[in-house]
Each structure stands twice: as structure tokens, then as C-alpha cells.
Amino acid sequence: MMEELRELYQEVILDHSKNPRNFRHPEDANHEAHGYNPLCGDTVNVYLKMGHNGLIEDAAFEGKGCAISLASASMMTEIVKGKTETEAKELFAAFQKLVKGEEEFIDAGEETDRLMMLAGVKDFPMRVKCATLAWHAMSSAMDEKPEVSTE
Ligand code: ZN
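So, here's what we can say about the structure. In this numbering scheme, every chain counts its residues from 1 along its sequence in written order. Totals for whole chains, interfaces and linings use every residue, but because this is a predicted model, local features are given only for residues with pLDDT of at least 70 and side-chain atom pairs only at 80 or more, for both listing and counting. As a rule here, side-chain values cover all heavy atoms of the structure and leave hydrogens and water aside.

## Overview of the sheet that holds strand β2 (residues 42-50)
And step 1. Taken in spatial order, the 4 strands make up an open sheet running β3-β2-β1-β4, and their pairing is mixed. Of all strands in the sheet, those with a lone pairing partner are β3 (56-64) and β4 (147-149), marking the two edges. Neighbouring strand axes in the sheet, compared pairwise and without regard to direction, differ in orientation by 20 degrees on average.
And step 2. Packing of helix α5 (residues 128-142) onto the sheet brings it into contact with β1 (31-37), β2, β3 and β4, and relative to β2 it is tilted by some 35 degrees. At least two bridges found by DSSP between two strands is the condition for calling them paired. Counting from the N terminus, the helices are DSSP H or I runs at least four residues long and the strands are E runs at least two residues long. To obtain each axis, a line is fitted to C-alpha atoms, and for helices this fit is confined to the stretch in contact; angles are then taken between N-to-C directions over 0 to 180 degrees. The criterion used for residue contact is that any of the two residues' heavy atoms lie within 4.5 Å.

Here is the structure:
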């Protein structure tokens, strides 16, 4: 069962890295941040459109990097769109606990499955920074910090 799960996770991650969702620069984005992971060379620009009600109305990204960094950015944009700033940061915190191996499982409501899939990278410690890069950039964009590095 674990083996089947692992294969499913890999398929989903491969699909997102080959066909990244929300790979664009929205003209009406009002928050953005550039993230860099010197360990792997991944770069990402995250663009958010925050509504007056605190909702993330749109989330998109552009970037270059390894499959994990692209897949993670793609999945992150899908996950945070429609969430509030607080919800997005809570999901980021939960995701970090997963990839760092501090928690085996998390309950993130309807997003649990997608976060658990991405968290498969915890078996590859070198890849943890690749997987969290876009999330750091998303969080920095909301905090009006235009630059973030994983180092
Ligand atoms: Zn990488």
C-alpha cells in the first residue's frame, strides 16, 4: 500500500512539474516575491492578488528549477487560491512540519491529501528546500518582503 501511494505521489509531482498550473504573471497581482534556493539553483517569482477581504483571489508563479521546486510551486498556487492570508500561512506551517519530518500526518482539511503528496520529499533531505521555496516566497509576498532565500 505504501509503495502504491509513493508511486501515486511521484506521478502527481511529475505531472505538476511537466505541466505547471498557474504558470503566468497576472497583470493585476498586487503582491509578489522572488525566491532563490542556492543549494539547487531554483528560482521562483510568486504573484498574488490579495482582495480587500484578505482573500487570495489569484496565485501564480514563474520560475526555473528542478522538478520538485516546479511541482511544489504549481501545487502551492492551487492550494492557496481562495484561502485567507491566515489560512495560507497555517498551511505553510503544517507543510513545513511534514517535510521536516516533525509530524507524520497533518489535518489540513480538504488540502490534506495534496500536502501529504508533496511531503513525500522528506525522504530526500536535499530536496526539502526545493519543496518549500515557493511557499517561502508566497509567505514573503504577503509580508511585503520582495526577496527570500532558503539559505
Ligand atoms: Zn531544486
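## Digging into the packing of helix α2 (residues 67-80) against α5
Helix-helix packing is characterised by the crossing angle of the two axes and by the distance between the axes.
And step 1. One can describe the packing of α2 onto α5 by two numbers: an axis separation of 7 Å at closest approach and a directional angle of 40 degrees. By the angle between their axes, α2 is oblique relative to α5. Crossing geometry of α2 relative to α5 is assigned as right-handed. Between α2 and α5, the contacting residues are Ile68, Ser69, Ser72, Ala73, Met76, Ile79 and Val80 on the first element and Cys130, Ala131, Ala134, Trp135 and Met138 on the second. Orientation labels follow simple angle bins: below 35 degrees gives roughly parallel, above 145 gives roughly antiparallel, 65 to 115 gives roughly perpendicular, and whatever is left gives oblique. Note: crossing handedness is left-handed where the near helix turns anticlockwise from the far helix by less than a right angle, and right-handed where it turns clockwise.

## A few points about the nonpolar core
And step 1. Buried Ala, Val, Leu, Ile, Met, Phe, Trp, Tyr and Cys residues that are joined via side-chain atoms within 4.5 Å together make up what is termed a nonpolar core. For every residue, the accessible area obtained with a 1.4 Å probe (protein chains only) is divided by the maximum for its type, and the residue is called buried under 20%, exposed over 50%, and partly exposed between those limits. Judged by nonpolar contacts, the single largest core of 46 residues is most densely connected at Leu48, Leu115, Trp135 and Met138.
And step 2. Among the secondary structure elements, those contributing two or more residues to this core are α1 (2-18), β2, β3, α2, α3 (85-99), α4 (112-118) and α5.
And step 3. No other element matches the 10 residues that α5 contributes to this core.
And step 4. Among all residues touching Leu48, those that are not within four sequence positions of it are Ala29, Asn30, His31, Ile56, Asp58, Ala59, Met138, Ala141 and Met142.

Function cannot be inferred from these measures alone, as they are strictly geometric.
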